[in-house]
Amino acid sequence: METVAPAVDLVLGASACCLACVFTNPLEVVKTRMQLQGELQAPGTYHRPYRGLVASTVAVARADGWWGLQKGLAAGLLYQGLMNSVRFYCYGLAGQAGLTQRPGGTVVAGAVAGALGAFVASPAYLVKTQLQAQTVAAMAVGHQHHHQSILGALETIWRQQGLAGLWRGVGGAVPRVMVGSAAQLATFTSAKAWVQDQQWLPEDSWLVALTGGMISSVAVAAVMTPFDVTSTRLYNQPVDGAGRGQLYAGLTDCLLKIWKQEGPLALYKGLGPAYLRLGPHTILSMLFWDELRKLAGRSQRQNL
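Just so you know, these numbers come straight off a predicted model, no measurement behind them.

Draft legend 1. Region of the structure containing the overall build of the chain. Helix and strand counts for the chain stand at nine helices and zero strands. Scanning the chain from its N terminus toward the C terminus, one meets helices and strands in the order α-α-α-α-α-α-α-α-α. Burial analysis of the chain (304 residues in total) assigns 52% to the buried set. Partitioning the intrachain contacts of the chain with sequence separation of at least 6 by distance along the chain shows that 79% fall at a separation of at least 24.

Printed below as a string of structure tokens:
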């Protein structure tokens, strides 16, 4: 892998993930609706307006128009830019310090970098989730916040709940991104190195990064989905006058309530669109990041 400065990784990582977000945001909308469907209700006791990926995509388009599939896109781009600039910068620093070359170093560096990125970008993910959950009454799942825009949502939350309200739900977001980031960065690096060792493809081919991203996406979806479900629930739940969640007290409470009232499989609600969202997003972001790093590395060498 090309060696570039951490500051360059910041720009390249954020750009790559924002570009991937444009293509995968419709799947994020569908996934959010499916994860909120039947909240804290026993299976078979609630109306299911969203059934499967294709039917759910059509349902969103009918209710909100085709542009409804890009709900929350601006907030999603803000989240990806903030989170991944911090994440890739910190991961680049770890690589520069040689930490990622040690046993388990990529996992630890990926987890810590992901946690920091998730904390910084949490307000953007809060707004993104609430905007994507909003729809017409007949198709509504989960609490409806009725925001009109990103700025309007941030202003409303700030006015009603104070600064701390913008970070409500961060306790679910940090472990979500920690496990996802650790799995993504560690498995992508390892998978890419393994593919290169097999010599099936030219070493500098973009297909090497594509294959590494495909392997990485499976690991990311498997470990991240339960935390993704709880994170969506924590961010979207209604709050009382003091800014406390009315449904869940925190991550552990959310996990236990879902398990007890909806069953353990509910922690994998929306797995289909979650994988199809995480898969392409992981593949595209890792591919774009890797190719951009190659270009940056070549440019640095030419300038020496």
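Draft legend 2. Summary view of helix α6 (residues 170-198). Counted at 1.5 Å a residue, the expected span for α6 with its 29 residues is 42 Å, and the 41 Å between its end C-alpha atoms agrees. Looking one or two residues past α6, Gln199 carries a phi angle of roughly 60°, positive in sign.

Draft legend 3. The side chain of Thr225, seen in detail. Tracing the backbone through its elements, the reader meets Thr225 in helix α7 (residues 206-236). By relative accessible area, which is 0% here, Thr225 ends up buried. A distance of 2.7 Å separates the side chain of Thr225 from the backbone oxygen of Ala221, its partner in a polar contact. Not counting residues up to four positions away in its chain, the partners in contact with Thr225 are Leu267, Tyr268, Lys269, Leu271 and Ala274.

Draft legend 4. Just the UniProt feature "repeat: Solcar" (unreviewed entry) in the chain, in detail. According to UniProt, the "repeat: Solcar" (unreviewed entry) feature falls on residues 4-97, 101-194 and 204-295. Across residues 101-194 one finds 70% helix and 0% strand; the C-alpha atoms that close the span lie 15 Å apart.

Draft legend 5. Representation of the nonpolar core within the structure. Ranked by internal contacts, the top residues of the largest apolar core, which has 16 residues, are Tyr79, Met83, Val127, Ile157, Val177 and Tyr235. Looking at this core, the elements with two or more residues in it are α3 (73-96), α4 (105-133), α5 (150-161) and α6. Residue contributions to this core peak at seven residues, all from α4. Contact partners of Ile157, with chain neighbours within four places excluded, come to Leu126, Val127, Gln130, Gly162, Gly165 and Leu166. Counting residues in hydrophobic clusters, the runner-up holds 12 residues, among them Val29, Val30, Ala59 and Ala61.

Draft legend 6. Highlighting the pattern of salt bridges. Within the structure shown, the criterion is met by 11 salt bridges. Here Asp64 makes a salt bridge to Lys71, at a shortest N to O gap of 3.9 Å. Here Asp64 falls in the partly exposed class, since its relative accessible area comes to 21%. Residue Arg159 pairs with Glu155 through a salt bridge whose shortest N-O separation is 3.9 Å. Taken together, the positions of Arg159 and Glu155, both in helix α5 and four residues apart, correspond to about one turn of that helix. Taking the relative accessible area as the measure of exposure, Arg159 reaches 55% and is therefore exposed.

Draft legend 7. Spatial organisation of unusual backbone geometry. In this model, Leu40 sits at a positive phi of 55°, which is unusual for a non-glycine residue. For His146, which is not a glycine, the phi torsion comes out positive at approximately 60°. With respect to the helices, strands and loops of the structure, His146 is situated in the loop between α4 and α5. What makes His146 exposed here is its relative accessible area of 61%.

Each value, and the rule that gives it
- Residues numbered from 1 in each chain as written.
- Predicted model: local features only at pLDDT ≥ 70, side-chain atom pairs only at ≥ 80, totals over all residues.
- Heavy atoms only, no water.
- Helix = DSSP H or I, 4+ residues; strand = E, 2+ residues; numbered from the N terminus.
- Buried < 20%, exposed > 50% of the residue type's maximum accessible area, 1.4 Å probe, protein only.
- Contact = heavy atoms within 4.5 Å.
- Expected span 1.5 Å × (residues − 1).
- Polar contact = N/O pair within 3.5 Å; in protein donor to acceptor, adjacent residues only side chain to side chain.
- UniProt positions renumbered as here; feature names shortened; annotations may be inferred.
- Core = buried A, V, L, I, M, F, W, Y, C linked by side-chain atoms within 4.5 Å.
- Salt bridge = Lys/Arg side-chain N within 4 Å of Asp/Glu carboxyl O.

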